[in-house]
Structure formats: C-alpha cells, structure tokens
Amino acid sequence: MINLKNILITGANRGIGFELVKESIAKGYSVVGTFRNKQNSVELLKIKSDKVKFLEMDVVDETSISKVSSQIAQPLDYLICNAGINNGYGNFFHEDHSHEKMLEVLNVNVLGCILTIKHLSKNLNRYAKIILISSIMGTQEHKGSNATIYRASKAAVNNVMVSISEEFKSKDITVASFHPGWVRTAMGGPNATLSAKDSAVALIKSFECLKLENTGKFLNYDGTLMNF
Ligand SMILES: NC(=O)c1ccc[n+]([C@@H]2O[C@H](COP(=O)([O-])OP(=O)(O)OC[C@H]3O[C@@H](n4cnc5c(N)ncnc54)[C@H](OP(=O)(O)O)[C@@H]3O)[C@@H](O)[C@H]2O)c1
C-alpha cells in the first residue's frame, strides 16, 4: 500500500475541519490547515508542531488560494475541501433565502470547492485524493423543504465532484465526496448525533481506504457508498 501522508484541509479553524487537523497530526501526517480569519482561529494557531503549517485562505478568493499554492513545499496526497456555510434552516419563503444569502451559499460551497481544486491541483501528488465534504442534505431524497439553497449547493457539490473525477481519471487521482454525519458543530447544532472528533476519526480512516475505483462516488463518513 502506498504511504500517503501530506494533507491540506480547508476551513481548519473550527468544527469538523479542526478535528480533521488534530486526527491527521495524531496519525503522523504533514498537515496544511487553512483558515480565513485569524481572530476565529486562536485554538488552531495554538497547535505547535513541525509537521503543521497554517495558512490564511478564503476559498472564494483566488489570490489567496494561489498564494497558498506557492507556499506549499511538498506535493499533497490529500486535498480536503471542507469549508462550507449554511444560511440557516429556514424554508423556501424564509428571509434566510434572500438573493444575497443564497448567492453566498452557492459561492462558498460550490465555487469554493471548484476554485480550491483549480488552483491547488498543481500541488497534487500522483495517486492523490481530492475530497469534497458534501452532505446527505444534497441528495434528491428530501425529508423536508427547509434549507433549500444549502441542499441545492450540496447537490451541486456532488455533481461537480463527478465532473472533476472525470478530469482527473487520466492522472490517477481519486475524487470523491463525503457526508460527515450529523455533527455537533456550529453548523450541525448541539442535538447532532456525532461529535466532531468521531466524525473526523472515521472520515480520515475512510479517506485512507479510498481507491481509484471509488472515483466519482459519494460516501458516508464510515466509508459506505451513498446514492445522490
Ligand atoms: N455539521 C454537520 O452536521 C454537517 C453535516 C453535513 C455536512 N457538513 C459539512 O461539513 C463541512 C464543515 O462543517 P462544520 O459543521 O464543521 O461547520 P462549521 O463549524 O460552521 O465550520 C465551517 C468552516 O468553514 C469555514 N469557512 C466558511 N466560509 C469560508 C470561506 N469563504 N473560506 C474559507 N473557509 C470558510 C469556516 O471558517 P470561519 O471560522 O472563518 O467562519 C469554518 O472553519 C461543511 O462543508 C458542511 O457543509 C456538516
């Protein structure tokens, strides 16, 4: 088995991204964690290790992504597009769904993944894995009408994931999206079923098990395939 150990995680300062950083360090990875706001990243920046590097990057700011690309010394084995936002769980007519808020969700969740992958693809190793953190809320089987644009954004993430997987097939790079579970973070809320640590531990294990034949697939955090 090839030993893949260099990982970049976006939205690393809190929630699932922060736990992915900690689990990657615990497993001996070299980690690049990106954050968009220093003030929100105090806990992250307290982590001191010669195997970690924290860089400022907004996933919808191409200049900042290019800058990160130029600051990465070693080729990446894993590129984890984790950063995302939710504009609330309001229904279709709720003020959560103003034009401005909907554009922001699509911009960060969908274009953020595309721009991150576009600019960091030059930093990828052969056999690298590109992971997009999506959501079960993006599948076509809805259990409610709320969070209309968040659901649409994650459906788009899964669709984009398939296109990008086709683009990278000839380069032996695997591209897949994951549902991280319902996770107790600012986004998932306190009633969610999974801690961020448990989600991150399972996700990293599943990323390691991904093979080229999984490219273009949507998986649960435990590595089982999901329909989308
Ligand atoms: N929690 C769940 O139950 C759940 C379920 C399904 C899918 N997900 C997905 O899992 C991922 C992580 O979610 P989470 O629960 O950890 O959310 P979270 O606690 O709200 O954290 C979101 C992260 O994304 C970052 N971010 C937002 N916009 C960004 C931008 N423009 N550029 C760079 N970073 C940006 C945030 O940075 P700031 O601190 O600067 O805001 C933060 O680090 C998201 O893609 C989410 O949609 C979560």
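For the structure itself, consult the block above.
Asker: Outline helix 6 (residues 196-209), supporting the account with residue identities and numerical values.
Answerer: In an α-helix there are 3.6 residues to a turn, and that puts residues three or four apart on one side. Relative to the 20 Å expected for 14 residues at 1.5 Å per residue, helix 6 spans 20 Å between its end C-alpha atoms, a close match to the ideal helical length. Those residues of helix 6 that sit buried are A196, S199, A200, L203, I204 and F207. For helix 6, the angular spread of the buried residues around the axis is 130 degrees, confining them to a single face. Buried residues along helix 6 sit against helix 1 (15-26), strand 4 (76-81), strand 5 (124-133) and strand 6 (174-179).

Asker: Could you give an account of the site of the ligand, naming the residues involved and the relevant values?
Answerer: Every one of the 30 residues lining the ligand counts as a neighbour, but G11, G15, G84, T185 and G188 are closest to it. Going through the elements one at a time, helix 1 and helix 4 (99-120) are the ones with two or more residues in the shell around the ligand. The biggest single contributor to the shell around the ligand is helix 1, with three residues.

Asker: Residues and numbers for the sheet that holds strand 1 (residues 6-9), please.
Answerer: Taken together, the eight strands give an open sheet; going across it, the order is 3-2-1-4-5-6-7-8, and neighbouring strands pair in mixed fashion. A strand with exactly one partner marks an edge of an open sheet, and here the two such strands are strand 3 (52-56) and strand 8 (225-226). Summarising the sheet, strand 1 and strand 4 pair through three bridges and their orientation is parallel. Paired with I7 across the two strands is Y78, which belongs to strand 4.

Asker: Before we move on, can you summarise the pairing of strand 2 (residues 30-35) with the specific residues and values?
Answerer: Counting buried residues in strand 2 gives five out of six residues, a clear majority hidden from the surface. Looking at chain direction, strand 1 and strand 2 are connected through four bridges and run parallel. Bridge pairing in strand 2 places L8 opposite V32. Considered for its hand, the β-α-β crossover made up of strand 1, helix 1 and strand 2 is right-handed. Note that strand 2 and strand 3 share five bridges and pair parallel. Its bridge partner being in strand 3, V31 is matched across the sheet by V52.

Asker: Any details on unusual backbone geometry? Residues and values, ideally.
Answerer: Apart from glycine, the bulk of residues carry a negative phi angle, and the bulk of peptide bonds sit in the trans form. One non-glycine residue, A147, adopts positive backbone phi at about 50 degrees. Checked against the element boundaries, A147 lands in the loop between strand 5 and helix 5 (148-168). You will see that D172, though not glycine, has its phi angle at about 60 degrees, which is positive. In this structure, D172 sits in the loop between helix 5 and strand 6.

Asker: Please set out the pairing of strand 4 residue by residue, giving values where relevant.
Answerer: Regular strands have side chains that alternate between both faces of the sheet. Counting buried residues in strand 4 gives six out of six residues, a clear majority hidden from the surface. Note: strand 4 against strand 5, five bridges, orientation parallel. In the strand pairing of strand 5, C81 is matched with L132. Between the parallel pair strand 4 and strand 5, the chain is carried across by helix 4, and the sense of this crossover is right-handed.

Asker: Could you give an account of the packing of helix 1 against helix 6, naming the residues involved and the relevant values?
Answerer: Between helix 1 and helix 6, the shortest axis-to-axis distance is 8 Å and the interhelical angle comes to 55 degrees. With respect to their mutual orientation, helix 1 and helix 6 come out oblique. For the element pair helix 1 and helix 6, the recorded crossing hand is right-handed. Two secondary-structure elements touch here, helix 1 through G15, I16, E19, L20, E23 and S24 and helix 6 through A196, K197, S199, A200, V201, L203 and I204. For the contact of helix 1 with helix 6, the residue count by class is seven nonpolar, three polar and three charged.

What counts and how
Residues numbered from 1 in each chain as written. Predicted model: local features only at pLDDT ≥ 70, side-chain atom pairs only at ≥ 80, totals over all residues. Helix = DSSP H or I, 4+ residues; strand = E, 2+ residues; numbered from the N terminus. Expected span 1.5 Å × (residues − 1). Buried ≥ 20, exposed ≤ 12 C-beta atoms within 10 Å, placed from the backbone. Arc of directions from axis to C-beta. Contact = placed C-beta atoms within 7 Å. Near = placed C-beta within 6 Å. Pairing = 2+ DSSP bridges. Right-handed = clockwise from strand over helix to strand, strands pointing away. Axes fitted to C-alpha atoms, helices over the stretch in contact; angles between N-to-C directions. Parallel < 35°, antiparallel > 145°, perpendicular 65-115°, else oblique. Left-handed = near helix turned anticlockwise from the far one by under 90°. Nonpolar A, V, L, I, M, F, W, Y, C, P; charged D, E, K, R; others polar.

Function cannot be read off these values alone, since they describe shape.
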